Each structure stands twice: as structure tokens, then as C-alpha cells.
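Descriptive analysis of the structure
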Amino acid sequence: MANRKRNIQMKFWVTEEEKRLIDEKMSQLPTKRYGAYLRKMAIDGYIIQVDTTDIREMTKALGSIGRNINQIAKRVNAGGPAYQADMEEIRERLEQIWQLQRRILLSQR
């Protein structure tokens with residue numbers, strides 16, 4: 001044991017669900033040894049970190065537009081007038097959404 005190439009042992013605990021996921025991913029590769037698979041993933045695997053700031057902004061803008069449209073629809077359905085200012089706000093918010101969407105798509109290139 002003194003002449004082992006890998007002489008440091010690492011241990012960690014997983015849940016049953018995590019073990020099932022590891023087994024499922026490991027079955028896609030030709031290896032059947034946990035040590036080889038986990039070592040390869042720890043060294044060569046990668047983590048994807050996605051910045052969703054723009055998407056959250058767009059979701060917030062969509063929610064705002066949805067609330068405005070609901071308010072206008074309630075007023076119109078109750079026999080009230082649709083105000084030009086309401087329509088203009090919806091157009092402005094829609095333009096914000098298009099700008100955010102363009103920015104998101106351009107950042108993905």
C-alpha cells in the first residue's frame with residue numbers, strides 16, 4: 001500500500017436520490033468503477049453558472065404588464081373607459097421587454 005500511485009483517500013456522503021443520479025449518469029459511460037468515474041468528473045467535469053439577471057428583469061416587466069392589462073380589462077368589461085395613458089404604459093413596457101429580450105439573446109452569442 002505504501003507504493004500506491006493514489007495514496008490519499010477521499011470520502012463523502014450522498015442521499016439515495018443523489019446516488020441514483022450518479023448511477024444514472026455513470027451508466028452512460030463505459031466505466032463501472034465509482035472511483036474512476038468520480039475522479040474523472042471532479043477533475044475534468046465542469047460547472048455551468050448562468051446569470052439570469054436579465055431574465056428576472058423581463059419576468060418582472062411581464063408581470064407588470066399583465067397586471068396593467070388585467071386592470072384595463074376589468075374597467076372596460078365594467079363599462080368604463082380605456083385610458084390612453086394606460087395603453088401608452090403598456091406600449092412602453094412592451095418595448096422594455098423587447099429590449100431585454102434582444103440583450104439576452106445577444107449575450108448568448
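- Per an unreviewed UniProt entry, the chain goes by Plasmid mobilization relaxosome protein MobC and derives from Anaerotignum lactatifermentans.

Quick notes on the packing of helix H1 (residues 16-26) against helix H2 (residues 34-44)
- Contact geometry of H1 with H2 gives a least axis separation of 11 Å together with a crossing angle of 90 degrees. Taken together, H1 and H2 sit at an angle that is classed as roughly perpendicular. Contacts from Lys19, Ile22, Asp23, Lys25 and Met26 of H1 reach H2 at Tyr34, Tyr37 and Leu38.
- Residue classes in the contact of H1 with H2 are distributed as 5 nonpolar, no polar and 3 charged.

Structural notes on the confidence of the model for the chain
- Taken as a whole, the chain shows an average pLDDT of 84; of its residues, 97% reach a score of 70 or greater.
- Of all helices and strands in the chain, the one with the weakest mean pLDDT is helix H4 (residues 84-107) (81), whereas H1 scores best (94).

Some thoughts on the pattern of salt bridges
- Per the stated rule, a full pass over the model turns up 8 salt bridges.
- Taking the shortest distance from any N to any O, the salt bridge between glutamate 17 and arginine 20 comes out at 2.7 Å. A residue pair is termed a helical-turn pair when its members lie 3 or 4 positions apart in one helix, as glutamate 17 and arginine 20 do in helix H1 at 3 residues.
- Residue arginine 91 pairs with glutamate 88 through a salt bridge whose shortest N-O separation is 3.5 Å. Of this pair, arginine 91 and glutamate 88 both sit in helix H4, 3 residues apart, which is roughly one turn of that helix.
- Looking at arginine 91, the relative accessible area reads 47%, which means it is partly exposed.
- Given the relative accessible area of 36%, glutamate 88 is considered partly exposed.
- Salt bridges linked by common partners bring Glu17, Arg20 and Glu24 together as one network.

The rules behind the values
Residues numbered from 1 in each chain as written. Predicted model: local features only at pLDDT ≥ 70, side-chain atom pairs only at ≥ 80, totals over all residues. Heavy atoms only, no water. Axes fitted to C-alpha atoms, helices over the stretch in contact; angles between N-to-C directions. Helix = DSSP H or I, 4+ residues; strand = E, 2+ residues; numbered from the N terminus. Parallel < 35°, antiparallel > 145°, perpendicular 65-115°, else oblique. Contact = heavy atoms within 4.5 Å. Nonpolar A, V, L, I, M, F, W, Y, C, P; charged D, E, K, R; others polar. pLDDT = per-residue confidence, 0-100. Salt bridge = Lys/Arg side-chain N within 4 Å of Asp/Glu carboxyl O. Buried < 20%, exposed > 50% of the residue type's maximum accessible area, 1.4 Å probe, protein only.

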